[in-house]
Amino acid sequence: KSAFSRLYQIEAEMASLYGKAANGDMGCLGRAAQLQECLEAEDFYSTDTRIEQVASGLGLFARKSIFNNIANAGWIKQTAKHDF
């Protein structure tokens, strides 16, 4: 996600501006709308999906899933009892 840090900073600023608007500072809405448009133009709201797709393509989720299946089956705990 660090590759998208600039976009996350924009999102944080936008959220802050919307929070100020919710507290009565309506002058913030114009800037917040500009930031929203910027995020939409960068396809920011699909960032997590894109990260997952790349990680999956690299096999990162498959490895994690295999490890979790082994751990959940208790295989690691069973082998830990034996000296090899």
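In short, a report on the structure. (Residues numbered from 1 in each chain as written. Predicted model: local features only at pLDDT ≥ 70, side-chain atom pairs only at ≥ 80, totals over all residues. Heavy atoms only, no water.)

### Notes on the nonpolar core
The test is simple: In this description, a nonpolar core means a group of buried Ala, Val, Leu, Ile, Met, Phe, Trp, Tyr and Cys residues linked to one another through side-chain atoms lying within 4.5 Å. Only protein chains enter the area calculation, which uses a 1.4 Å probe; residues under 20% of their type maximum are buried, those over 50% are exposed, and those in between are partly exposed. Only DSSP runs of H or I reaching four residues or more are called helices, and only runs of E reaching two or more are called strands; each is numbered from the N terminus. Throughout, a residue-residue contact means that at least one pair of heavy atoms, one from each residue, lies within 4.5 Å.
Counting residues in hydrophobic clusters, the biggest one holds 9 residues: Leu 7, Ile 10, Met 14, Leu 17, Cys 28, Ala 32, Leu 35, Leu 39 and Phe 44. Within the residue set of this core, elements represented by two or more residues are helix 1 (5-22) and helix 2 (29-41). Residue contributions to this core peak at 4 residues, all from helix 1. Leave out the neighbours within four places in its chain, and Leu 17 touches Cys 28, Arg 31, Ala 32 and Leu 35.

### A word on the packing of aromatic side chains
Selection criterion: Aromatic rings from Phe, Tyr and Trp, taking only the six-membered ring of Trp, are treated as a pair when their centres fall within 6.5 Å; an angle between ring planes under 30 degrees marks them as stacked, one over 60 as edge-to-face, and anything in between as tilted.
Under the definition given, this model contains 2 aromatic pairs. Taken together, a centroid distance of 5.1 Å and an interplanar angle of 75° make the contact between Tyr 8 and Phe 44 edge-to-face. Remark: Phe 44 occurs in the loop between helix 2 and helix 3 (47-57) and Tyr 8 occurs in helix 1; sequence separation between them is 36 residues. Relative to Tyr 45, the ring of Phe 44 has its centre 5.3 Å away and its plane inclined at 75°; by these criteria the two rings are edge-to-face. Classification of Tyr 45 by relative accessible area gives partly exposed; the value is 46%. Feature note: the residues Tyr 8, Phe 44 and Tyr 45 constitute an aromatic cluster, connected by ring pairs.

### Thoughts on the pattern of salt bridges
To be explicit about the condition: When a carboxyl oxygen of Asp or Glu lies within 4 Å of a side-chain nitrogen of Lys or Arg, that pair is called a salt bridge.
Summed over all chains, the structure comprises 2 salt bridges. Of the charged contacts, one joins Arg 6 and Glu 42 as a salt bridge, the two residues approaching to 3.9 Å between their closest N and O atoms. You can see Arg 6 sitting in helix 1 and its partner Glu 42 sitting in the loop between helix 2 and helix 3, a full 36 residues away along the chain. Take Glu 42: its relative accessible area is 37%, and that puts it in the partly exposed class. Arg 31 is paired through a salt bridge with Glu 13; the nearest N and O atoms lie 3.6 Å apart.

### Digging into helix 1
Note: α-helices contain 3.6 residues per turn, so residues at a spacing of three or four share the same orientation. Note the threshold: Expected helix span is taken as 1.5 Å per residue step, with the number of steps being one fewer than the number of residues. What the arc describes is the spread of directions from the helix axis to the C-beta atoms.
Taking 1.5 Å per residue as the helical rise, helix 1 with its 18 residues ought to reach 26 Å, and the 26 Å between its terminal C-alpha atoms agrees with that figure. Along helix 1, the residues classified as buried are Leu 7, Ile 10, Met 14, Leu 17 and Ala 21. Looking straight down helix 1, one finds that the buried residues subtend no more than 80° of arc, so they occupy a single side. The exposed residues of helix 1 that point more than 90 degrees off its buried face are Gln 9 and Ala 22. Just beyond helix 1, the residue with positive phi is Gly 24, at close to 110°.

### Things to note about unusual backbone geometry
Of note, the phi angle at Asp 43 is positive, near 55°, even though the residue is not glycine. Summarising the element assignment, Asp 43 is placed in the loop between helix 2 and helix 3.

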